[in-house]
Amino acid sequence: MKRIIFSCLVTIALLQSCEERKKIEKGVTFDMAVDRKYALSFVQYGLKLDIPNNAIDPIIGKNYISFNYRQSDQRYLYLDFSETPDKLKKMIVNGRQEKIIFENEHIVIPVSLLKHDDNVVEIDFIAGDLSLNRNPDYLYTLFVPDRASTCFPSFDQPDIKASFALELTVPPGWEAVSNQTSLPPFEENGKKYYQFNLTQPLSTYQFAFAAGKFKKATDDETGMTMYYRETDSLKVTENLKDIFQLHKQSIAWLEEYSNIKYPFIKFDFALIPTFQYGGMEHPGSIFYRESSLILDKSASVNQRLRRASLIAHETAHMWFGNLVTMKWFNDVWLKEVFANFMAAKIVNPQFPDVNHDLRFLMAHYPPAYEIDRTAGTHPIQQDLDNLKDAGTLYGAVIYQKAPIMMRNLEALMGEESFKIGLQEYLKKYNYSNASWDDLIGMLGAQTDKDLSQWNNAWIRSGGMPTISYELGNNLQIKVTNDTAGIVWPQTFQYQLLEGGANEIKEVTISDKQGTAASAAAPVTNVIPNYKGRGYGYFEADQASREYMLSHVNVNNDPEVRAGIWLNLWEYLLRGEVSSQQIFESMLKSIEQERNPLVLEYVTNRLVTLYWQFTAPENRGLISQQLDDKLFELMALEKDESIKRTLFNCYKKVAMSETGKTNLKKFWNGEVTLGLELSELDRIQLAYEIAVRDIEGSKEILEKQWSNTKNPDRAAAMRFVIPALSSDVTTRDQFFESLKDPKNREHEPWVLDALEYLHHPLRAAESVKYIRPSLDLLPEIQITGDIFFPKGWVDQTVAGYQSKEAADVVRKFISENPNLSSNLKNKLLQSVDPLFRAEKILSEGNKRM
């Protein structure tokens, strides 16, 4: 009887144990993260990986995980491994081999196997490929935000910082780079061996390595090394000095500002052709997209500014994000805001001839408005229950809106008080983790200003205010928004025009409305948000809108012109000015505008206006005029930067017969207009010729592919070419191929292909791809990197303006009520221009 009772109790215990384990979710929940942070300290990974010659062969791995364990009320400790259990081969816990228990992408370790101090877990495994980005002759990791566990078993959360000791075995002739320095590599038995030294404490997403057939260049002064694959040695030489210099200037500026020396052992970077986005800030081993840093000789001022800003951004992360890291990914914006905010400051002295207030306005406000005007807007600080959804938090709100708000906060506190608060924050939490609440508390201690109202509006609330005015004895400013009780504290200016005179009035919002004394004479027109410094939708009466349209190009101040253009674009999207009016003002602007920052904004918007906000039948009415004007301006222009900006616009919009002929002449070198066209320029021209089905386009594509010397660009071309085919069946087959995740691994290639697959000229035949593309969205969130889901939807819907396309999206939304809120927000952000274009065109705003 006792044996029966004992047996029953054991069975009940096992059932209870199984029941508990069934509750484990995929990913890392907030509760699991809190439990592990309490229990674990002094974590180290000793990771060995054997990379074979063949990119399709498995990578054999071994991980020695050591840690101190503090007893808690949890019965199990969970290691993350987001792969299938068959890739786990053996586990030894504190010297004893144990059976591997695996549930929902977690290795389950009973705490009864652990000691209350030092523990070592040894795991033999086959590495997962999802985040290894394997190519025939190189690979690189990208573990942000929670992808380290797709490669090797780990405690994959940002606040369990660990030291890494990496050993790599790679094919002979390969180079390897990681976060730390390595012992001298050696070759033996047809393999090359790298042993990297132990890193300083890193979050798992910050750990990285790249290996492959890379070339190297080292700066003699600092020892920093650049790894690259570009085959044009002259092009590399032309860029190398500037690339090293921009990094050195960024480091020096940040050391002075933070009062902390560069906090890691070394500073190297790798340039990778297929890198998913501009850069990733791995300590000691930044990864960049190669084309972001290796520029053409004729690169515009804006392109050089973007490169400098990118370098400054990634370098700033060494302090803001790496030295001090957010506790949980709901504060991922915290590292990004300071990287962008500091980058804007760093770049200023590097380009003394550039108006940096204008640069800040153009770089941050338009992309932030593109999110905040939509139904998919969200606060800067977002909720996050599980790290598997952390990738959905990224976007323009944290990269572009947050720096605007931080500049607002700096102005509110004063620059010196703000700087002191940041210095104290970095010193207190160095090599550790902190939250936004930790920082705002430290900043609050440096000022007598109440930051709670500011924090509630700009950080914890989504969207933006609508700001209107009334004219009487005073200029009355009224602020409205969709969130009750929210005040949007900020300061901005209005220009009041009375006859030939004008006054600039400063308005400060500290409650639901602001007031400024107006002129005694009657005001005839108003330019709201003069110079664009305020944030929101600034309404204007019809007379003032028409005044802005007619005077945007005659004002001498480029900041004023830029601010007016921001207003006018918002009026267009709300149907308050017509496409025809905007087109006419833009045509004058491209002829008169001499500021490269403003000109690039106008030409980019002109491309969007032409393809998405102009009815197809009306494009033919304006194409000859537009093409001739752009071509004439290019021919007359002496400034290389402005000529390049005009050319970038021309190759996107040229649709007249003359324009299409000129595209071919540019490609084959018959016409240059003084432009030095690079290999990439000719590839892009070949794409534009093909999507227009210009005679001989198929042969041009093939010839361009065969003439492309850089093997990485040639491989990208070979991938994209089927999306450009004039044969619908070929395009259908290409789209079907994208349903296989293996064919989406090179994400920049996929996005380039989608741009042409869904080009407006192919819209009637490609609209059928929209629904299956949206159906793939949840899978793409899982398999793609952080910016890919948004990029996938952007490229899927950007070429459309029809009710048919909009209805497909609406039906998908209605039939998928369980789509995650963050993913739904991404979708609503992407489709907002389509919905607006459909409405504008359906209401008869078609005449140009």
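Please read all numbers here as calculations on a predicted model, not as lab measurements.

A. Representation of the overall build of the protein chain in the model. In terms of regular secondary structure, the protein chain is built from 29 helices and 28 strands. In terms of C-alpha radius of gyration, the protein chain reaches 28 Å, essentially the compact-globule figure of 29 Å for 848 residues. For the protein chain, the C-alpha atoms occupy an extent of roughly 100 × 65 × 60 Å along the three principal directions. Within the protein chain, the proportion of its 848 residues that are buried is 60%.

B. Representation of the environment of S417. Assignment of secondary structure puts S417 in helix α9 (residues 415-428). What makes S417 partly exposed here is its relative accessible area of 23%. It is 48 Å that separates the C-alpha atoms of S417 and V108, two residues lying 309 residues apart in sequence. From its side chain, S417 meets the backbone oxygen of Q446 in a polar contact 3.4 Å long.

C. Region of interest: empty space enclosed by the protein. Scanning the entire structure with this criterion turns up five cavities of 30 Å³ or more. Approximately 60 Å³ is the volume found for the second largest cavity. The wall of the second largest cavity is formed by Y369, N529, G532, G536, Y537, F538, G563, L566, N567 and E570. Those elements that provide at least two residues to the lining of the second largest cavity are β28 (537-538) and α13 (558-573). In terms of residue class, the lining of the second largest cavity is built from four nonpolar, five polar and one charged.

D. Highlighting the pattern of salt bridges. As enumerated under the stated definition, the model contains 62 salt bridges in all. The salt bridge involving E815 is made with R771; its shortest N-O contact spans 3.0 Å. Residue E815 is found in helix α28 (residues 803-815), and its partner R771 is found in helix α25 (residues 770-775); the two are separated by 44 residues along the sequence. Relative accessible area serves as the criterion here: at 42%, E815 is assigned to the partly exposed category. Here K803 and D807 are joined by a salt bridge, their closest N and O atoms 2.6 Å apart. With K803 and D807 both in helix α28 and four residues apart, the pair spans about one turn of that helix. Owing to a relative accessible area of 53%, K803 belongs among the exposed residues under this scheme. Through salt bridges with shared partners, a single ionic network connects D357, R407, R533 and E559.

E. Seen up close, the pairing of strand β13 (residues 191-195). Summarising the sheet, strand β10 (residues 162-170) and β13 pair through four bridges and their orientation is antiparallel. Note that in β13 the partner of L168 across the bridge is Y194. When strand β12 (residues 186-188) meets β13, the two strands line up antiparallel, connected through three bridges. Bridge pairing links E188 to K191 in β13. Connecting β12 to the next strand, β13, in antiparallel fashion are two residues, including N189 with a positive phi near 55°.

F. Here's a closer look at the nonpolar core. By size, the foremost hydrophobic cluster in this structure holds 282 residues, and its most contacted members are F338 and Y494. With 11 residues, the single largest contributor to this core is helix α6 (residues 332-350). Discounting residues that sit within four places of it in the chain, F338 has contacts with A316, F320, A343, M406, F418, L422 and L439.

G. Region of interest: the packing of helix α14 (residues 579-592) against helix α16 (residues 616-636). α16 packs onto α14 with a crossing angle of 15° between their chain directions and a minimal axis gap of 10 Å. On the basis of their axis angle, the class for α14 and α16 is roughly parallel. In this structure, α14 meets α16 at a crossing whose hand is left-handed. Contacts between α14 and α16 involve F583, L587, I590 and E591 from the first element and I622, Q625, L626, K629, L630 and L633 from the second. For the contact of α14 with α16, the residue count by class is seven nonpolar, one polar and two charged.

H. Just the packing of aromatic side chains, in detail. Per the stated rule, a full pass over the model turns up 57 aromatic pairs. Ring geometry for F269 against Y288: centres 6.0 Å apart, planes inclined by 80°, an arrangement best described as edge-to-face. With F269 in strand β17 (residues 268-272) and Y288 in strand β19 (residues 285-289), this pair connects stretches of sequence that are 19 residues apart. According to the relative accessible area criterion, Y288 is buried, its value standing at 0%.

I. Here's a closer look at the sheet that holds strand β11 (residues 175-178). Spatial strand order, β9-β14-β11: three strands in an open sheet with antiparallel pairing. The outermost strands of the open sheet, each flanked by one partner alone, are β9 (138-140) and β11. Neighbouring strand axes in the sheet, compared pairwise and without regard to direction, differ in orientation by 5° on average. The pairing of β9 with strand β14 (residues 209-212) spans three bridges and is classified as antiparallel. By the bridge assignment, L139 is partnered in β14 with A211.

J. Quick look at the packing of helix α12 (residues 542-551) against α13. The contact between α12 and α13 brings their axes to 10 Å, and the two run at 125°. Taken together, α12 and α13 sit at an angle that is classed as oblique. For the pair α12 and α13, the crossing hand works out as left-handed. Residues R545, M548 and L549 of α12 pack against I564, N567, L568 and Y571 of α13. Taken together, the residues that form the contact of α12 with α13 break down as five nonpolar, one polar and one charged.

K. Just unusual backbone geometry, in detail. For the bond from V144 to P145, the omega torsion is -5°, close enough to zero to count as cis. Checked against the element boundaries, P145 lands in the loop between β9 and β10. Despite not being glycine, E105 has its phi angle at roughly 65°, a positive value.

L. A look at a negative patch on the surface. Residues D232, E238, D639, E640 and E676 make up a contiguous surface patch of negative charge. Mapped onto the elements, E676 comes out in the loop between α18 (657-668) and α19 (679-691).

M. Summary view of the pairing of strand β16 (residues 225-228). Here β16 shows a buried face lined by T225 and Y227 and a second buried face lined by M226 and Y228. Of the strand pairs in this sheet, strand β15 (residues 215-218) and β16 are connected by four bridges, and their pairing is antiparallel. By the bridge assignment, T218 is partnered in β16 with T225. Counted between consecutive antiparallel strands, the loop separating β15 from β16 contains six residues, among which G223 sits at a positive phi close to 85°. Bridging between β16 and β17 involves two bridges; their strand directions are parallel. Counterpart to Y227 in the pairing with β17 is A270. Taken together, β16, helix α3 (residues 233-258) and β17 constitute a β-α-β crossover, and its handedness is left-handed.

Rules behind the numbers
- Residues numbered from 1 in each chain as written.
- Predicted model: local features only at pLDDT ≥ 70, side-chain atom pairs only at ≥ 80, totals over all residues.
- Heavy atoms only, no water.
- Helix = DSSP H or I, 4+ residues; strand = E, 2+ residues; numbered from the N terminus.
- Rg over C-alpha atoms; globule rule 2.2 N^0.38 Å.
- Buried < 20%, exposed > 50% of the residue type's maximum accessible area, 1.4 Å probe, protein only.
- Polar contact = N/O pair within 3.5 Å; in protein donor to acceptor, adjacent residues only side chain to side chain.
- 1 Å grid on protein atoms, 1.4 Å probe; cavity = no way out; pocket = protein on both sides within 12 Å on 5 of 7 lines; lining within 4 Å.
- Points joined across faces, edges and corners; volume = space filled by probe spheres on them.
- Nonpolar A, V, L, I, M, F, W, Y, C, P; charged D, E, K, R; others polar.
- Salt bridge = Lys/Arg side-chain N within 4 Å of Asp/Glu carboxyl O.
- Pairing = 2+ DSSP bridges.
- Core = buried A, V, L, I, M, F, W, Y, C linked by side-chain atoms within 4.5 Å.
- Contact = heavy atoms within 4.5 Å.
- Axes fitted to C-alpha atoms, helices over the stretch in contact; angles between N-to-C directions.
- Parallel < 35°, antiparallel > 145°, perpendicular 65-115°, else oblique.
- Left-handed = near helix turned anticlockwise from the far one by under 90°.
- Phe/Tyr/Trp six-rings, centres within 6.5 Å; stacked < 30°, edge-to-face > 60°.
- Patch = residues over 30% accessible without salt bridge, like charges linked within 9 Å, V, L, I, M, F, W, Y side chains within 5 Å.
- Areas by Shrake-Rupley, 256 points an atom, 1.4 Å probe, with all protein chains shown as cover.
- Lys, Arg positive; Asp, Glu negative; His and termini not counted.
- Charge placed at Lys NZ, Arg CZ, Asp CG, Glu CD.
- Right-handed = clockwise from strand over helix to strand, strands pointing away.

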